[in-house]
Amino acid sequence: MNTELKLQALVDGELDAREVRELETLLAQDAHSAALLQELKWTRSALVSHEADVKLPESREFYWSKISRAIEAEEKHAVTAPPERVWWLRFLYPAAGLAAMVAVMFVVSGGRTTDGSASESVTEDVNVVSFRSESEKMSVVYVADENGNFSPVSQEAKHEPEAEK
Amino acid sequence: MPQPIDYKAALDVQLVAASQAGDMVAFEELVARHRDKIYARAFSMMRNEEEAIDLSQEAWVKAWQRLKQFQGDSSFATWMTRIVINLCLDQLRRQKRTRAESIEQLDEELGGVERQMPVVTTNPSEGLERSELRKRIDKAMNQLSYEHRTVLILHEFEEMEYKQIAKVMNCSIGTVMSRLFYARRRLASLLQSLKKEQQS
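Within each chain, residue numbers correspond to sequence positions counted from 1 in written order. Note on labels: chains are lettered from A, ligands numbered from 1, in written order. Owing to the predicted nature of the model, reporting of local features is limited to residues with pLDDT of at least 70; listing and counting of side-chain atom pairs is limited to 80 or more, with chain, interface and lining totals taken over all residues. As a rule here, side-chain values cover all heavy atoms of the structure and leave hydrogens and water aside.

## A closer look at the overall build of chain A
No. 1: The helix count covers DSSP runs of H or I at least four residues long, the strand count covers runs of E at least two residues long, and both are numbered beginning at the N terminus. Counting its regular elements, chain A contains five helices and four strands.
No. 2: The rule is simple: take the accessible area with a 1.4 Å probe, protein chains only, and divide by the maximum for that residue type; under 20% is buried, over 50% is exposed, in between is partly exposed. Counting the 165 residues in chain A, one finds 25% classified as buried.
No. 3: The long-range share in chain A, meaning contacts at least 24 apart out of those at least 6 apart in sequence, stands at 12%.
No. 4: Only the protein chains shown count as cover for residues, with accessible areas throughout obtained via the Shrake-Rupley method and a probe of 1.4 Å. Working note: accessible area of chain A is about 11700 Å², and carbon and sulfur atoms make up 57% of it. Throughout, a contact is declared for two residues whenever any of their heavy atoms are within 4.5 Å.

## So, the overall build of chain B
No. 1: Helix and strand counts for chain B come out as 10 helices and zero strands.
No. 2: Its helices and strands in sequence order give chain B the pattern α-α-α-α-α-α-α-α-α-α, from N to C terminus.
No. 3: Of all 200 residues assigned to chain B, the portion counted as buried reaches 52%.
No. 4: Pairs at least 24 residues apart make up 66% of the contacts formed inside chain B by residues separated by at least 6 positions.
No. 5: With the model as given, the accessible surface of chain B reaches about 10200 Å², and the carbon-plus-sulfur share is 48%.

## Description of the interface of chain B and chain A
No. 1: The interface of chain B with chain A comprises 51 residues on the first partner and 40 residues on the second.
No. 2: Any carboxyl oxygen of Asp or Glu that lies within 4 Å of a side-chain nitrogen of Lys or Arg is treated as forming a salt bridge with it. Put simply, chain B and chain A have five salt bridges between them.
No. 3: Between Glu29 of chain B and Arg60 of chain A there is a salt bridge, with the nearest N and O atoms lying 3.5 Å from each other.
No. 4: If you list the elements that add at least two residues to the side of chain B that touches chain A, you get α2 (24-46), α3 (49-66), α7 (130-142), α8 (146-157) and α10 (173-199) of chain B.
No. 5: Throughout, the ten residues Ala, Val, Leu, Ile, Met, Phe, Trp, Tyr, Cys and Pro are labelled nonpolar, Asp, Glu, Lys and Arg are labelled charged, and all others, Gly among them, are labelled polar. Residue composition of the side of chain B that touches chain A, grouped by class: 26 nonpolar, 10 polar and 15 charged.

## Examining the packing of aromatic side chains
All names here are of chain B.
No. 1: Pairing of aromatic rings covers Phe, Tyr and the six-membered ring of Trp, with a centre-to-centre limit of 6.5 Å; geometry is then stacked below 30 degrees between planes, edge-to-face above 60, and tilted otherwise. Using the criterion set out here, one finds eight aromatic pairs over all chains in the structure.
No. 2: Between Phe70 and Phe76, the aromatic rings sit 5.9 Å apart at their centres with planes inclined by 85°, giving edge-to-face as the arrangement. Like Phe76, Phe70 is buried.
No. 3: Overall, Phe76 belongs to the buried group, its relative accessible area being 4%.

## A few points about the nonpolar core
No. 1: Think of a nonpolar core as a cluster: buried Ala, Val, Leu, Ile, Met, Phe, Trp, Tyr and Cys residues, connected wherever their side-chain atoms sit within 4.5 Å. In this structure, Phe27, Trp60, Phe76 and Met141 of chain B are the most contacted members of the largest nonpolar core, which totals 79 residues.
No. 2: Tallying contributions element by element places α2 of chain B first for this core, with 11 residues.

## Re the environment of Gln14 of chain B
Residues and elements named next belong to chain B.
No. 1: Here Gln14 lies in helix α1 (residues 12-20).
No. 2: For Gln14, a relative accessible area of 43% puts it in the partly exposed group.
No. 3: Expressed as a C-alpha distance, the spacing of Gln14 and Ala26, which sit 12 residues apart in the sequence, is 8.6 Å.

## Remarks on α3 of chain B
No. 1: Expected helix span is given by 1.5 Å per residue-to-residue step, counting one fewer step than there are residues. Across its 18 residues, α3 of chain B extends 26 Å between first and last C-alpha, which sits within 8% of the 26 Å expected from 1.5 Å per residue.
No. 2: Taken as a whole, α3 of chain B has its buried residues at Glu51, Ala52, Ile53, Leu55, Ser56, Gln57, Ala59, Trp60, Val61, Ala63 and Trp64 of chain B.
No. 3: At its buried positions, α3 of chain B is contacted by α4 (60-80) of chain A together with α1, α2 and α4 (76-98) of chain B.
No. 4: For α3 of chain B, the capping residue at the N-terminal end is Asn48 of chain B, with a side-chain oxygen 3.0 Å from the backbone nitrogen of Glu50 of chain B. Throughout this description, a polar contact denotes any pair of N or O atoms lying within 3.5 Å of each other; where both atoms belong to protein, one of them has to be capable of donating a hydrogen while the other can accept it, and for residues adjacent in sequence the pair is counted only when both atoms sit in side chains.

Here it is in C-alpha cells:
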C-alpha cells in the first residue's frame, strides 16, 4: 500500500497502532503528506451527514399499488409455472430421439456394409433373418416358423439400367 | 388468538414478523415507512428519477419474496438498503457494458490521475449553509463515474468498511481503496471549483 492510500486508511480508521505511529512520524517530516491528509479529512467531514435530501416523487397509494400488483403477478406466476426439471432430463428427449433414429437406420439398412460384401442381420425377438449382397444387388428375408426353421419370404434383386451395363 | 396489530404504532420487527406470516397490510406499512430512504439510495446511485423509482419498487418486491430469509441480524432498513444497492449495481453494470467509456473514466481506471491534482489547501465546505453544502455535494457527486460515486456512497453514507464494499462491488480491497482515494480527491477539487465559481 502506498503512502497516499495509507493516509486515507488513517482517516478511515483502518490502520493498526504500529502503522499509525509510522505515519505520524512521516507526517511530522513531510508537509505534502500533511496537506493531503488535511484535504482527505475535509472531504470526509463535508460528506458525512450531508447527503442530499431526496423524497419519493409519488404518492404512497400509487407507489404501493405498483408494488402490490408486481407481488401478485409474481405469486401467480410461481403457482402456474411448471416445477423445475432435473438437469439430466434436458438431455433425455434428444438422446432418446437419436437412439431411435440409429435403431431405425440399422434395421432399414439390414446391417449392410459399405464395402459391397454380403452381410446378415438377425432380430431375435421376431425370429427374422435378412441377407443382403451388395455385389449381387440382392436382399433376402427369412422368417422362422414355430419349429425354428427359417424360410425365405421375400427376395429382391435390383437390376441396373441397360445404359450402365 | 393473536392480538390485532396497530400497524401505525407497531415496531418494524413486529411488522416484519407479521409480513413473514403473509400480512400484506403490515408490509405496506413497512414500505410507507422506508420508501423515501430506499428511493433516495437508488436515486443517489442511478441519478435518474424514473430508474430509481423502478429499482426501488423492484427492491420491495424482492424483499417480500425473501422475507423468510431476514433473520434480524441488521435492522430491516439496512437489509432493504442492501437489496436496493445490489439491484442498482446490477443495473449500472449492465448499462456500463452497453455504453462507451469516457476518456476520463479510462484515465481513472488506469490510475495516477489523482496524483496530478493539486492538494486543496482551504476547506471547501467552510462557511457554507448546510443546505448549500448538500446541493454542492450532490452536484459534485453527479460528475463522478458510477464506480467512484458508489464507493463514496457505501463508505460515507452507508458507513461500510473497505472489505464490505469490496464484497458488495465484487472487487478487491485495493481497488476499493484506490477508487475511494480518487473519488475524494476529485470531490475536493470539484467542491473548491464550485466555491470559486460562486465567489467570482
